[in-house]
Amino acid sequence: MASAGKQVPSGPDWIHEIKHDGYRMLVIRENERVRLFSRNGTDWTRRYPWIVEAALKNRQKHFVIDGEAVVLGVDGVSDFNALHSRKHEHEVQLYAFDVLAIGGDDLRQLPLHLRKTNLARLAGPPVRRDHRRAVRARRDRAGAVPGGVSHRP
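We now examine the environment of Arg59. Positionally, Arg59 belongs in the loop between helix H1 (49–56) and strand S4 (62–70). Overall, Arg59 belongs to the exposed group, its relative accessible area being 81%. Sequence-wise, Arg59 and Leu122 are 63 residues apart; in three dimensions their C-alpha atoms are separated by 8.5 Å.

In C-alpha cells, the structure reads:
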C-alpha cells in the first residue's frame, strides 16, 4: 500500500514513475479480441478503439496490461478534467505501467522489476500519438518524478 512521504527515496532499490491522473485501465488481449476495462469493470473497448488497434498490432496474442488512460495538458502533466469532460477523447493515451500476464502465464507473483522488464519486451519503445497537447514529461534533478510514485522492486 502506498504512503505519502516527505522525501523522495533514493538508491538502487527504488523505481520512480510518474503518477498520472487519469482512468485506471486493463488491456486484455485474447487472440484477436481486445477488451479495455476500467477499475470498476466498465467496458471501454468501444470508447478507445485506437488503444485496441495498438494492442492488436502486438505479436503476442495473450496478455493483460495495467495502465492509465490520460490526456496530457500543454504542460505535459495529465489533465483529469480534460479526460473527464470527454471533449478531448481523441487525445487519450494509455500509459502502461505493469504487465499482469503474458502468453497464458500469470506474472503477478513476480517482483515488480521483472514485470517491468517483461512489459518493456512486450510493448517495445513508447508510441506517442501525435497531437498538439502531448509533450515530454520532466524529471527533477534527483531522478524522481514530481507528482510521482516510488516503488521498491
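What follows concerns the nonpolar core. Judged by nonpolar contacts, the single largest core of 22 residues is most densely connected at Met25, Val27, Leu36 and Tyr48. If you list the elements that add at least two residues to this core, you get strand S2 (23–30), strand S3 (33–38), H1, S4, helix H2 (80–85), strand S5 (93–102) and helix H3 (112–123). If we skip the residues at most four places from it in the chain, Tyr48 touches Tyr23, Met25, Leu36, Leu83, Glu89 and Val92. If you look at the next biggest cluster of nonpolar residues, it comprises five residues, including Ile28, Phe37, Leu100 and Ala101.

Applying the stated criterion to the full structure yields six salt bridges. In this structure, Glu32 and Arg29 form a salt bridge, with 3.4 Å as the shortest nitrogen-oxygen distance. What makes Glu32 exposed here is its relative accessible area of 55%. As a salt-bridge pair, Asp106 and Arg108 come within 2.6 Å of each other at their nearest N and O atoms. Members of the salt-bridge network, linked through shared partners, are Arg29, Glu32 and Lys61.

This next bit is on unusual backbone geometry. Even without being a glycine, Asn31 presents a positive backbone phi close to 55°. The topology assignment puts Asn31 in the loop between S2 and S3. Overall, the relative accessible area of 42% leaves Asn31 in the partly exposed class. The phi torsion at Arg86 lies on the positive side, around 65°, for a residue other than glycine. With respect to the helices and strands, the residue Arg86 is situated in the loop between H2 and S5.

Procedures and definitions
Residues numbered from 1 in each chain as written. Predicted model: local features only at pLDDT ≥ 70, side-chain atom pairs only at ≥ 80, totals over all residues. Heavy atoms only, no water. Helix = DSSP H or I, 4+ residues; strand = E, 2+ residues; numbered from the N terminus. Buried < 20%, exposed > 50% of the residue type's maximum accessible area, 1.4 Å probe, protein only. Core = buried A, V, L, I, M, F, W, Y, C linked by side-chain atoms within 4.5 Å. Contact = heavy atoms within 4.5 Å. Salt bridge = Lys/Arg side-chain N within 4 Å of Asp/Glu carboxyl O.

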